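# Observations on the three-dimensional arrangement
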Amino acid sequence: MTRACIVGWAHSPFGKLDEPDVEALIARVSGEALAHAGVEDSQVDGIYVGVMNTGFSKQGFEGSQVALNRPGLAHAPATHLENACATGSAALYAALDFVDSGRGRVALVVGAEKMTAKSVAETGDILLGASYRKEEADIEGGFAGVFGRIAAGYFQRYGDRSEELARIAAKNHRNGVANPYAQLRKDLGFAFCNTVSDKNPYVAAPLRRTDCSLISDGAAALVVADAETAEGLARAIGFRARAHVNDILPLSRRDPTEFKGARLAWEKARAQAGIGNDDLSFVETHDCFTIAELIEYEAMGLAEPGQGYRVVREGLTEKGGRLPVNPSGGLKAKGHPVGATGVSMHVMACLQLMGEAGEMQVPGANLAGIFNMGGAAVANYVSILERRR
C-alpha cells in the first residue's frame, strides 16, 4: 500500500483555452491546488510536471516553469516527466515514490498540455510520437489511424462492433453533460454516434469522429503528502494499490487487440488491493478512442476476449449500472490534453470519493479504479483509490 495521500487538487476547464502556452496553464492550477490542500509554498519538497509536448511547443524544460509564477517554489527540486498519453500518471507516480521513500513530505504534481495552437494535421503527426514511427509513421489518419487499424483487426476477428462503439460514445457524452470541466457538454445520442454523416464522418475507418477523443488544452494538479502530514490537513485520498506495467511498443510484435499490459496492470493492482471488480464503485478509464474502452473492458476482466460487446449491451458500465465507467464523460467528452489526462483522471476520482462530484456523483462511491495508458496500451497505469479522511 502506498502511504502517500492526495491532499488537494485543482482542475482547469478542458477545451480551446485562452491561455497562450503551457506555462500559463501550469500557473492556472498550481496555486489553486496548494491552496486547496492548505499547504504553503515553503512546505513543497518536490515538484513533478507532466507535459508530453514532443512538438506542440519549442519551449521545453517544463519542470522549471512552475516557479515562474510562484517564486516561493524557485528552489524546490522540479522534474519534468513524459510517458506519452500516460504522462500525467507518470508524474504522479514519481511524486508518490518520492514521498514514500522519505525523501520529502509534500510534492506538487502538475499535468498540462496546449494542443489547439497547432493544426489538426500537425497534432496528428505529433501524437504519432506515441507510436513506433519506424513501422507506423505512414499509417493513414495519424494516431487515430493506429487505433483505426486496431479496431479493424478487432472487427475482423470478433465481428463488427460499430454499434457498441457508438453506445460507448453516447454513454460518455451523456455523462459529460454533468462535468463542469468537460470540453463537450452535449448529449449527442446513440443515433448520431452510430451514423456516418457530414457531421460524423470516418476519421480512420471504422472509427468515426464520435469514436475519437478531442484535441484539447488544459491542466490539472494534485498535492501529495505523507501520512503524518496528511493527518493535519482537511482531506486525504489514499492508494489502496497502484501498478505500472509496460508492453512492447511496435504493434507488429504483439497482439494489438489484447492490451496485455493493461490486463497485467489490472491484475497486479487488484491483487495488491485484495479486491475484485465487484468491489469497485466506479472506474475512470482511458477512452482515447471508443475501441480502447471496449478492449479495456476485456483487459479489466469484465468480459472474455471478443466479448466486451456484452458489457455494453447489458448496460453494466452505464452511470446506473453495476460498475459505472467514465462518469466524468471520460476523454471522449472531457477532452484529452495528453499531459494533463492522467492527473485529471485522479482528480475526477477524488471528487467522487469526497462526495463532491455534483451531478457526476456516483452514489456511495468509496473505491475508485483508474486506468491511464500511454500509446496503444504500451505504458499502463492502474490506481485503486479510497478515502481516508
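Since this is a predicted model, take the numbers as computed values, not measurements.

## Re the overall build of the protein chain
A count of helices and strands for the protein chain gives 13 helices and eleven strands. For 389 residues, the compact-globule estimate of 2.2 N^0.38 gives 21 Å, and the C-alpha radius of gyration of the protein chain, at 19 Å, lies within 12% of that figure. Seen through its principal axes, the protein chain has C-alpha atoms that stretch 55 × 45 × 40 Å. Within the protein chain, buried positions represent 62% of all 389 residues. Put simply, of all contacts in the protein chain between residues at least 6 apart along the chain, 78% involve residues at least 24 apart.

## Details of the sheet that holds strand E9 (residues 282-284)
Strands belonging to one sheet form pairs held by backbone hydrogen bonds; the direction of such a pair is parallel or antiparallel. On the basis of which strands lie adjacent, the open sheet formed by nine strands has the order E3-E2-E4-E7-E1-E8-E11-E10-E9 and mixed pairing. Both outer strands of the open sheet, strand E3 (78-81) and E9, are each paired with one neighbouring strand and no more. Taking each pair of neighbouring strands and ignoring which way they run, the sheet shows an average axis angle of 30°. Bridging between strand E4 (residues 106-114) and strand E7 (residues 217-225) involves nine bridges; their strand directions are antiparallel. What sits directly across from Gly111, in E7, is Ala220. Across the face of the sheet, helix H1 (residues 22-37) comes into contact with strand E1 (2-11), strand E2 (46-50), E4 and E7 while running at roughly 150° to E4.

## Things to note about empty space enclosed by the protein
Applying the stated criterion to the full structure yields one cavity of 30 Å³ or more. Of the pockets and cavities examined, the largest cavity occupies roughly 40 Å³. As for the largest cavity, its lining consists of Arg167, Ile168, Lys171, Tyr297, Val311, Val312, Gly315, Leu316, Thr317 and Glu318. Sorting the residues of the lining of the largest cavity by element identifies helix H6 (162-176) and helix H11 (308-313) as the ones contributing at least two each. It is H6 that contributes the most residues to the lining of the largest cavity, three residues altogether. A breakdown of the residues in the lining of the largest cavity according to their chemical character gives five nonpolar, two polar and three charged.

## Some points on the UniProt feature "domain: Thiolase C-terminal" (unreviewed entry) in the protein chain
Here the UniProt-annotated "domain: Thiolase C-terminal" (unreviewed entry) positions come out as residues 252-387. Structurally, residues 252-387 is divided into 38% helix and 15% strand, and its ends, taken at the C-alpha atoms, are 41 Å apart.

## Topic: helix H13 (residues 338-353)
Because an α-helix completes one turn every 3.6 residues, residues spaced three or four positions apart along the sequence face the same direction. Over its 16 residues, H13 extends 24 Å from the first C-alpha to the last, a length consistent with the 22 Å expected when each residue adds 1.5 Å. In H13, a bend of some 25° at Ser344 exceeds every other bend along the element. With 16 of its 16 residues buried, H13 lies for the most part within the structure. Among the residues trailing H13, Gly355 stands out with phi positive, at a value near 70°.

## A short note on the UniProt feature "domain: Thiolase N-terminal" (unreviewed entry) in the protein chain
The UniProt entry lists residues 5-226 under the feature "domain: Thiolase N-terminal" (unreviewed entry), expressed in the numbering used here. Segment residues 5-226 splits into 35% helix and 18% strand. End C-alpha atoms: 6 Å apart.

## A word on the packing of aromatic side chains
The final tally for this structure, using the stated rule, is six aromatic pairs. An angle of 55° between the planes, with centres 5.6 Å apart, marks the rings of Tyr48 and Phe98 as tilted. Here Tyr48 is found in strand E2, whereas its partner Phe98 is found in helix H2 (residues 87-100), with 50 residues between them in sequence. Given a relative accessible area of 5%, Phe98 falls into the buried group. Over the ring of Trp9 we find Arg235; its NZ or CZ atom is 5.7 Å from the centre of that ring. Directly above the ring of Tyr93 sits Arg242, whose terminal nitrogen or CZ lies 5.1 Å from the centroid.

## Quick word on the pattern of salt bridges
Within the structure shown, the criterion is met by 19 salt bridges. Residue Asp100 is joined to Arg242 by a salt bridge in which the shortest nitrogen-to-oxygen separation is 3.6 Å. Of this pair, Asp100 sits in helix H2 while Arg242 sits in strand E8 (residues 237-246), and the two are 142 residues apart along the sequence. Among the residues examined, Asp100 registers a relative accessible area of 34% and is labelled partly exposed. Shared partners join several salt bridges into a network, and the residues in it are Asp97, Asp100 and Arg242.

## A short note on the layout of surface pockets
Quantified by volume, the largest pocket comes out at close to 700 Å³. Contributing to the lining of the largest pocket are 30 residues, with Val203, Cys212, Ser213, Leu214 and Ile215 lying nearest its centre. Elements represented by at least two residues in the lining of the largest pocket include exactly helix H3 (120-127) and helix H5 (142-158). The element contributing the most residues to the lining of the largest pocket is H3, with six residues. Within the lining of the largest pocket, the residues separate by chemical class into 17 nonpolar, eight polar and five charged. There is about 190 Å³ of room inside the second largest pocket.

What counts, and where the lines are drawn
Residues numbered from 1 in each chain as written. Predicted model: local features only at pLDDT ≥ 70, side-chain atom pairs only at ≥ 80, totals over all residues. Heavy atoms only, no water. Helix = DSSP H or I, 4+ residues; strand = E, 2+ residues; numbered from the N terminus. Rg over C-alpha atoms; globule rule 2.2 N^0.38 Å. Buried < 20%, exposed > 50% of the residue type's maximum accessible area, 1.4 Å probe, protein only. Contact = heavy atoms within 4.5 Å. Pairing = 2+ DSSP bridges. Axes fitted to C-alpha atoms, helices over the stretch in contact; angles between N-to-C directions. 1 Å grid on protein atoms, 1.4 Å probe; cavity = no way out; pocket = protein on both sides within 12 Å on 5 of 7 lines; lining within 4 Å. Points joined across faces, edges and corners; volume = space filled by probe spheres on them. Nonpolar A, V, L, I, M, F, W, Y, C, P; charged D, E, K, R; others polar. UniProt positions renumbered as here; feature names shortened; annotations may be inferred. Expected span 1.5 Å × (residues − 1). Bend = angle between axes of the 7 residues up to and from the residue. Phe/Tyr/Trp six-rings, centres within 6.5 Å; stacked < 30°, edge-to-face > 60°. Lys NZ or Arg CZ within 6 Å of the ring centre and 35° of its normal. Salt bridge = Lys/Arg side-chain N within 4 Å of Asp/Glu carboxyl O.

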